[in-house]
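Here are the chains, one letter per residue:
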Amino acid sequence: MTADLFDSLETTGPSREPLAPGAVLLRGFARSHETELLAAIETITAQAPFRRMITPGGHQMSVAMTNCGAFGWVTDRSGYRYDAVDPESGKTWPAMPSLFRQLAEQAAGAAGFAGFAPDACLINRYEPGAKMSLHQDRDERDLDEPIVSVSLGLPATFLFGGLKRSDKTQRHRLVHGDVVVWGGPARLAFHGVAPLADGEHARLGRRRINLTFRRAR
Ligand code: SIN
Ligand code: FE2
């Protein structure tokens, strides 16, 4: 049996897995929208290509990123920020497709955060070996708004910790179509992604793409 077939059996029908108070994994929540999501990502990345940004400390990230929506998350030598303009092109970021907005609102609602209206969507591309170190999402103005994270392509190990960097982390395998929502008491939980294992995904090849929806302003 191929890994992909196994993944699709694992995610038959959405189900909820609580991670912590305020955090839930919605298995397969985005699965039925995969074709439209992937087409929209193609359109966005044709206008605002993936790029590996530089951290304030001068390191190039292993994850390649781009954004859509009114604001995009960027990092460079001067720090992390949300910016309405793509620094590579000098133009505003591509608009957030209504499907993205609706999916994020529905997932947030299913997790108990009604009325989520994201204005920023960070699009992360992981190739084998790429990882994201433990961090908090804290550049957003209103921390009462949750984070909605959609996984596509190769499976990843998501690390989900507590409010202190040193807190023990849970490890959850995220597959194509899974959505994680965290907010409320979990909003500032440390989280990250372990180095991506190589593989071949039927729709995305040797890649994982993650969408994180935020209310930045
Ligand atoms: C992030 O924290 O921005 C990304 C999480 C993920 O790729 O699952
Ligand atoms: Fe994050």
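Now for a quick tour of the structure. Keep in mind it's a predicted model, so treat the numbers as computed, not measured.

Around ligand 1, the surrounding shell consists of Asn124, Tyr126, Met132, His135, Ser149, His191, Val193, Arg208, Asn210, Thr212 and Arg214. In the model, an oxygen atom of ligand 1 is placed 3.4 Å from a nitrogen or oxygen of the arginine 214 side chain. Protein chains bury 99% of the 260 Å² of accessible surface belonging to ligand 1 in isolation. Comparing atom positions with the cavity grids shows ligand 1 to sit within the largest pocket.

Bringing the coordination of the iron ion (ligand 2) into the picture now. Surrounding the iron ion (ligand 2) are the protein donor atoms His135 (NE2), Asp137 (OD) and His191 (NE2), at 2.1 to 2.3 Å. Taken together, the four donor atoms coordinating the iron ion (ligand 2) span angles of 88 to 173 degrees at the metal, a pattern that classifies the geometry as irregular. Positions of the donor residues of the iron ion (ligand 2) along the chain correspond to the pattern H-x1-D-x53-H. Of the two residues, histidine 135 is situated in strand β7 (residues 132-135) and histidine 191 in strand β12 (residues 191-193); the sequence distance between them amounts to 56 residues.

So, on to the pattern of salt bridges. What the rule picks out here adds up to 13 salt bridges. Measuring nitrogen to oxygen at the nearest pair gives 2.8 Å for the salt bridge that ties arginine 27 to glutamate 17. With arginine 27 in strand β2 (residues 23-27) and glutamate 17 in strand β1 (residues 15-20), this pair connects stretches of sequence that are ten residues apart. Of the residues examined, arginine 27 reaches a relative accessible area of 14% and is grouped as buried. Relative accessible area serves as the criterion here: at 28%, glutamate 17 is assigned to the partly exposed category. Residues arginine 203 and glutamate 34 are paired through a salt bridge, measuring 3.5 Å at the closest nitrogen-oxygen approach. Highlighted residues: arginine 203 in the loop between β12 and β13 (208-214) and glutamate 34 in helix α2 (residues 34-47), separated in sequence by 169 residues. Residue classification places glutamate 34 among the buried residues on the basis of a relative accessible area of 17%.

With that out of the way, let us pick up the environment of proline 185. Among the secondary structure elements, proline 185 is positioned in the loop between β11 (179-182) and β12. Residues proline 185 and leucine 163 lie 22 residues apart in sequence; the distance between their C-alpha atoms is 9.0 Å. Residues in contact with proline 185, not counting those within four places in the same chain, are Pro21, Gly22 and Leu163.

So, on to the nonpolar core. Formed by 32 residues in total, the largest nonpolar core has its most connected members in Phe100, Val148, Val181, Leu211 and Phe213. Elements with a minimum of two residues in this core: β2, α2, β3 (64-69), α3 (98-110), β6 (120-126), β8 (147-153), β11 and β13. Among the elements that make up this core, the one with the highest residue count is α3 (six residues). Once you skip the residues sitting within four places of it in the chain, phenylalanine 213 turns out to touch Met96, Phe100, Ala104, Phe116, Pro118, Ala120, Cys121, Pro146, Ile147, Val148 and Val150. Judged by nonpolar contacts, the second largest core, of 30 residues, contains Val74, Ala156, Phe158 and Ala216.

Here is what the cut-offs are and how they apply
Residues numbered from 1 in each chain as written. Chains lettered and ligands numbered in written order. Predicted model: local features only at pLDDT ≥ 70, side-chain atom pairs only at ≥ 80, totals over all residues. Heavy atoms only, no water. Near = heavy atom within 4 Å. Polar contact = N/O pair within 3.5 Å; in protein donor to acceptor, adjacent residues only side chain to side chain. Areas by Shrake-Rupley, 256 points an atom, 1.4 Å probe, with all protein chains shown as cover. 1 Å grid on protein atoms, 1.4 Å probe; cavity = no way out; pocket = protein on both sides within 12 Å on 5 of 7 lines; lining within 4 Å. Sits in = over half its atoms within 2 Å of the grid points. Donors = N, O, S within 2.8 Å, 3.2 Å for Na, K, Ca; no water. Tetrahedral: all angles 85-135°; square planar, octahedral: opposite > 155°, others 65-115°. Helix = DSSP H or I, 4+ residues; strand = E, 2+ residues; numbered from the N terminus. Salt bridge = Lys/Arg side-chain N within 4 Å of Asp/Glu carboxyl O. Buried < 20%, exposed > 50% of the residue type's maximum accessible area, 1.4 Å probe, protein only. Contact = heavy atoms within 4.5 Å. Core = buried A, V, L, I, M, F, W, Y, C linked by side-chain atoms within 4.5 Å.

Keep in mind that these numbers describe shape and distance, not what the molecule does.
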